[in-house]
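# Report on the structure
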Amino acid sequence: MQNIFDHTNTVEILTRIDKLSPNSQPQWGQMDVAQMLAHCSSFQDFATGNSFEKRGWLGIIIGNFVKPLFYNDKPLPRNMSTIPTVLIADSKEFEKEREILKQSIITFQNNGPERCTTHPHPFFGKLTPEQWGKGIYKHLDHHLKQFGV
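Residues numbered from 1 in each chain as written. Predicted model: local features only at pLDDT ≥ 70, side-chain atom pairs only at ≥ 80, totals over all residues. Heavy atoms only, no water.

Once that is clear, we can look at the overall build of the protein. When its secondary structure is counted, the protein shows six helices and zero strands. Across the protein, helices and strands are ordered from the amino to the carboxyl terminus as α-α-α-α-α-α. For a compact globule of 149 residues, the expected C-alpha radius of gyration is about 15 Å, and the protein comes in at 14 Å, within 12% of that figure. With the C-alpha coordinates of the protein rotated into their principal frame, the extents come out at 40 × 30 × 25 Å. Summarising the internal contacts of the protein: among those between residues at least 6 apart in sequence, 88% fall at separations of at least 24. Carbon together with sulfur atoms contributes 53% to the accessible area of the protein, which is approximately 8100 Å² in total. With 16 positive and 15 negative side-chain charges, the protein shows a separation of 7 Å between the mean positions of the two kinds. (Helix = DSSP H or I, 4+ residues; strand = E, 2+ residues; numbered from the N terminus. Rg over C-alpha atoms; globule rule 2.2 N^0.38 Å. Contact = heavy atoms within 4.5 Å. Areas by Shrake-Rupley, 256 points an atom, 1.4 Å probe, with all protein chains shown as cover. Lys, Arg positive; Asp, Glu negative; His and termini not counted. Charge placed at Lys NZ, Arg CZ, Asp CG, Glu CD.)

The next point concerns the side chain of H139. In this fold, H139 is placed in helix α6 (residues 129-146). Look at H139 and you get buried, because its relative accessible area is 8%. (Buried < 20%, exposed > 50% of the residue type's maximum accessible area, 1.4 Å probe, protein only.)

Further remarks concern helix α2 (residues 33-48). For α2, with 16 residues, the first-to-last C-alpha span of 23 Å sits near the 22 Å given by 1.5 Å per residue. Most of α2 is tucked away: 13 of the 16 residues are buried. By the N-cap criterion, in which a side-chain oxygen at the helix start approaches the backbone nitrogen of a residue two or three places on, α2 is capped by D32, the distance to A34 being 3.1 Å. Note on α2: the residue one or two positions beyond its end, G49, has a positive phi of about 85 degrees. (Expected span 1.5 Å × (residues − 1). Polar contact = N/O pair within 3.5 Å; in protein donor to acceptor, adjacent residues only side chain to side chain.)

What follows deals with the environment of T8. With respect to the helices, strands and loops of the structure, T8 is situated in helix α1 (residues 7-18). Distance from T8 to Q131, taken between C-alpha atoms, is 17 Å for residues 123 residues apart in sequence.

What follows is the structure, given as structure tokens:
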């Protein structure tokens with residue numbers, strides 16, 4: 001399984017992000033490309049510890065049981081629901097959001113597993129750095145496939 005802490009995987013993700021353009025169209029979902037980039041950056045903030053979200057009741061009840069969905073080898077389902085605070089509905093500037101996301105990924109990778117957050121994921125709960133690394137890669141891969149790269 002790919003892991004964003006692996007430099008090769010990070011380079012691959014960054015290369016795919018560079019293939020996006022302001023005109024990239026989603027193959028599913030409602031976000032445009034700039035909103036997707038902002039969504040991914042907001043999601044990254046959970047892993048870096050820059051954003052803390054209180055766990056909702058559903059996550060508390062079933063989060064631990066479905067946690068492997070976040071970091072296993074199976075692709076994420078299309079149109080899967082997301083955490084409301086990272087659902088981006090307002091318009092965003094493509095170039096700005098792309099650069100923010102790229103810098104967030106580079107910083108996360110450079111900081112390594114030892115600087116990964118110890119705060120629980122808002123839905124899945126406590127994750128190890130390895131699980132965060134796999135989950136971040138899987139989440140980015142999911143959204144890049146959404147836009148055909």
